[in-house]
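# Remarks on the overall topology
One letter stands for each residue in the lines below.
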Amino acid sequence: MASIPFFSLLLLLYSLALPSPSLATTRKLSALVQEQPLVLKYHHGPLLKGNITVNLIWYGKFSSTQRSIIVDFLNSLSSTKTTSPSVSSWWQTTGKYRRGSSRVVVGKQILDEKYSLGKALKTIQLVALASKPGYGGSNVVNVVLTSADVAVDGFCMSRCGTHGSGRVKKSRFAYAWVGNSVSQCPGYCAWPFHQPVYGPQTPPLIAPNGDVGVDGMVINLATVLAGTVTNPFNNGYFQGPAEAPLEAVSACTGIFGKGAYPGYPGEVLVDKTTGASYNAVGVNGRKYLLPAMWDPQTRTCKTLV
């Protein structure tokens, strides 16, 4: 099972606790970040390629607006009708990994608004929820999304989201989980839309869809989904130990635009009307802030802007 690494979050938060750097120091930090060698090794396992069906299990209470923000993001991943810089161009980087591209299609959506397993979930219960859509083939990812009032083991303490694999009868399937952190730990899991837990309390960026929790979920969903297709069964692309791997996006923690350094997300675009920060445009005019992804061709963390 791969989680958005808490070690990476610790490094980020530690850096935020340091004094604000001067412009000269900032440039040096940026250069050092860019010069760090980063290689995700391929471990000869299967990747998820071709048409990928993403089934959604909404656990807890989500408004229709919140659901549409996330569904629009998923529909944007393989859309050809979006404006540059597009969500789909961000996702195309996954196609540079072995065996070609992955086209995402939203499949079933299951609403569990009555908290069938309670409001405090263990990992085994996440797997049980992820099994609800059943096994639809090897190219299926079942995604569990938990609302702001649901606690999950390790949430906020060691992870903001995770992905892994489960079994339905004798068949193995990939799953992912992301939680809404807005009332539990937005400083950990919704940065840069919320002030960090530690360090200089500079103004956070304005969330592009006006929802700190759900816009933060998009960042974490993007992270675990990219990790799922490039390392679905812990033997794909990653760096470090298999039980705590750095993957396609988690290897680039905290980078959203050019010039990023620990504690500073980098240069991003700003909506002239709302003042919201974004770096990707999706379907229905949606705007999102997406993290950098490791490009296996250039061996660097690639940003959209």
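Scope of this entry: the structure provided in the associated data block. For clarity, every value in this text was computed on a predicted model and none was experimentally measured.

Conventions and cut-offs
Residues numbered from 1 in each chain as written. Predicted model: local features only at pLDDT ≥ 70, side-chain atom pairs only at ≥ 80, totals over all residues. Heavy atoms only, no water. Helix = DSSP H or I, 4+ residues; strand = E, 2+ residues; numbered from the N terminus. Buried < 20%, exposed > 50% of the residue type's maximum accessible area, 1.4 Å probe, protein only. Areas by Shrake-Rupley, 256 points an atom, 1.4 Å probe, with all protein chains shown as cover. Expected span 1.5 Å × (residues − 1). Contact = heavy atoms within 4.5 Å. Polar contact = N/O pair within 3.5 Å; in protein donor to acceptor, adjacent residues only side chain to side chain.

So, about the overall build of the protein chain. When you go through the protein chain residue by residue, the secondary structure sums to seven helices and 16 strands. When each of the 305 residues of the protein chain is scored for burial, the buried share is 53%. Total accessible area computed for the protein chain in this model is approximately 13300 Å², and 55% of it derives from carbon and sulfur atoms.

A word on helix H3 (residues 64-76). Taking 1.5 Å per residue, 13 residues should reach 18 Å; H3 reaches 18 Å between its end C-alpha atoms and fits that length. Turning to H3, its buried residues number three or more, namely Gln 66, Ile 69, Ile 70, Val 71, Asp 72, Phe 73, Leu 74 and Ser 76.

As a further point, take the environment of Gly 166. Tracing the chain through its elements places Gly 166 in strand E8 (residues 161-168). Between the C-alpha atom of Gly 166 and that of Asn 142, which follows or precedes it by 24 residues, the distance is 9.9 Å. With sequence-adjacent residues up to four places away left out, Gly 166 is seen in contact with Val 127, Ser 171, Arg 172, Phe 173 and Tyr 175.

A rise of 1.5 Å per residue sets the reference length of helix H7 (residues 212-230), with its 19 residues, at 27 Å; its end C-alpha atoms lie 28 Å apart and thus fit the reference within 8%. The element H7 is largely enclosed, with a buried count of 18 among its 19 residues. Here H7 starts with a cap whose side-chain oxygen sits 3.2 Å from the backbone nitrogen of Gly 213, and that cap is Asp 211.

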